[in-house]
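# A structural walkthrough
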Amino acid sequence: MPAPLLEVLNLSLTGTKVQDVSFALSRGEGLVLWGPNGSGKSTLLKTILGLLPPSSGRVMVWGQDPYRNPWVRHKISMAFQERILDPNLRVETALLRHARLIGAPKERFQAILVRLKLPLGKRLFELSGGEHRKTEVAKAFLHEAALYLLDEPTAELDEEGRSQVKELLGEALAAGSSLIVATHDPDIAALLSKRVDLGMAAPKFYRGRVWVEKWPHGLLGELAQLPIRFTPHPSPETLSRLGLPALPVKQMIFYQGSLSEQPGLPNATLPEEAFMENGLLEVEGPSEEHLLEAVRLLLQKGGRIRRLELEGGKS
Amino acid sequence: MIRALGLILIWELSHLLSRIEVWLPLLFSASLALFSLGGGYRTFGGDEAKWFVTLGFVTFATVSGTLLHVFQVIVFTRTQSLLYWASLPYPLEITLGAKLTAGAILGTLIASLAYGLFLGRAPKLQDLAVLFLVALGTVGIVALFSAFLPRLDRLAGLSVVLGVFFQYLSTVYLPLEAFPTWARPFVLLNPVSQGANALRGGEASGLLLIAPLSFLLGIRVLAQKARKQVR
């Protein structure tokens, strides 16, 4: 079994609610840190980056302690909450200088500027809170990292900004990067398959089960726009017809257009038709309305369902 | 590691060179001081006195330029925060070492430009090497003192105070014999004195030992302090 990308073992950080926390993260997995202000989310992220030593327990990135071996940060990128770039520089200059320092290709730098619609020409001290947040996220994504640590990436952002950042996160997951996001944003939390709760009840996620009779082609792309996560359960007949391995169903999670696997399983891609014929779909989302929206889309595009069950016994 | 050092060094130098409002007054002040001190000492003590003070003062001018850049511009003021530098995928010792070296290079450039204006020609390469070593040594000593400070931003003030000692407890203006006996060990160990003596044709072996040693130790202490501050 390959070593997990990140292992946090019995980690405690003095002065925070991070006490005896353990989790592991593999390639392509996302984790949300959920907790009230001051619970230690940012401190935990900085510890994973290797800026702070753990009070007890340990953090290992690819089997190495990032505090003792900062070179491991070559594969990690973090968006901080603090304003850490030179405030006198223009947005593009600050990012270009950072790109040069970390050896990011110019194409990636240009693509990020366009993707996040950054306020080019403005100096950093002139930026609003939201513009600054986007600049910090852009700085993090200049680096083609295997692990992104994002501290409140959508705080102070307007709807357009939030959706741009969400898209970036989804693409990073689809490309096989892992994410740890400290956030209070349920939409972002819904993107990520794992959660660590630091002293606050985790956000309510609504669950539903859809027995699909006929899946309309191309629905996948549209579902990927919704903040929902779904686990497909293809029928054994379909899998055998397509010559696909019968993976344990609970270990396949599909969201934002990509298949994510749990550690220890071989890489596999699952074509849309594999689970859309007489299959069962487990859906999770931040509200019941999001789940119904997914079903509505399916029906509008000519799909058919046999049965729909929502959490709490509604069907 | 070398690539990281080079990248940060170039980043910092380009940043410093863009701060004309800092280095131009320094260049002006160093040039003016060389001309007035050189002229004044010659009036009272002839050519020997003129070269004594010129070679002493150019050494101090290097230190003064370096300290100003390193602790007031590079490390703390109006630039990327310490958190930014600490988050780079390089050991903090390398990052801070490269930043401080950039300050030493700029301090050496400013002083040697002023010296070149005074001489009417480019200074010798070996003189530049001596000035650079002095810059590294003094910056290392100031960095060592960071161990006693509650916060790194106090280094800016401390570097001004230590700059006074570097200047007056040295052989910049007076020979060693002019100092009271108790002060002589400090004067001798001062990298400014060692640099001035080397420029005046003396031994440079002490400087070759003290400068790299204090620089490396200073970086180590500064990086530890910076790590604590980032927390």
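Just so it is clear, the model here is predicted, and its values are computed rather than measured.

## Some details on the interface of chain A and chain B
The partner chain B presents 17 residues to the 17 residues of chain A that form the contact. Broken down by element, the side of chain A that touches chain B gets its largest block of residues, three residues, from helix α2 (residues 91-102) of chain A. Tallied by class, residues from the side of chain A that touches chain B come to 10 nonpolar, two polar and five charged.

## Considerations on the sheet that holds strand β1 (residues 6-12) of chain A
The strands making up a sheet associate through hydrogen bonds between their backbones, and the pairing can be parallel or antiparallel. Residue and element names in this part refer to chain A. Taken together, three strands build an open sheet; the order of strands is β2-β1-β4 and the sheet is antiparallel. Unpaired on one side and paired on the other, β2 (21-25) and β4 (56-61) mark the two borders of the sheet. The average undirected angle you get between the axes of adjacent strands in this sheet is 10°. Two elements, β1 and β2, share four bridges in a ladder whose sense is antiparallel. Its bridge partner lying in β2, Leu 11 is registered against Val 21.

## Regarding the packing of helix α4 (residues 92-119) of chain B against helix α9 (residues 205-230) of chain B
All names here are of chain B. Axis separation between α4 and α9 bottoms out at 9 Å; the angle between their running directions is 115°. In the packing of α4 onto α9, the handedness of the crossing is right-handed. From α4, Leu 92, Glu 93, Leu 96, Gly 97 and Leu 100 reach across to α9, where they touch Ile 219, Arg 220, Leu 222, Ala 223, Ala 226 and Arg 227. In the contact of α4 with α9, the residues fall into seven nonpolar, one polar and three charged.

## Notes on the confidence of the model for chain B
Across chain B, the average pLDDT comes to 87, with 97% of residues at or above 70. On the interface metric, ipTM, the complex scores 0.75, and its pTM is 0.71.

## Observations concerning the environment of A:His132
Residues and elements named next belong to chain A. Structurally, the position occupied by His 132 is in helix α4 (residues 129-142). Under the C-beta neighbour-count criterion, His 132 is labelled buried, with 20 such atoms within 10 Å. Residues His 132 and Gln 300, spaced 168 residues apart in sequence, show a C-alpha to C-alpha distance of 40 Å. Excluding residues within four positions of it along the chain, His 132 makes contact with Arg 83 and Leu 127.

Cut-off values and rules
- Residues numbered from 1 in each chain as written.
- Chains lettered and ligands numbered in written order.
- Predicted model: local features only at pLDDT ≥ 70, side-chain atom pairs only at ≥ 80, totals over all residues.
- Contact = placed C-beta atoms within 7 Å.
- Helix = DSSP H or I, 4+ residues; strand = E, 2+ residues; numbered from the N terminus.
- Nonpolar A, V, L, I, M, F, W, Y, C, P; charged D, E, K, R; others polar.
- Pairing = 2+ DSSP bridges.
- Axes fitted to C-alpha atoms, helices over the stretch in contact; angles between N-to-C directions.
- Left-handed = near helix turned anticlockwise from the far one by under 90°.
- pLDDT = per-residue confidence, 0-100.
- Buried ≥ 20, exposed ≤ 12 C-beta atoms within 10 Å, placed from the backbone.

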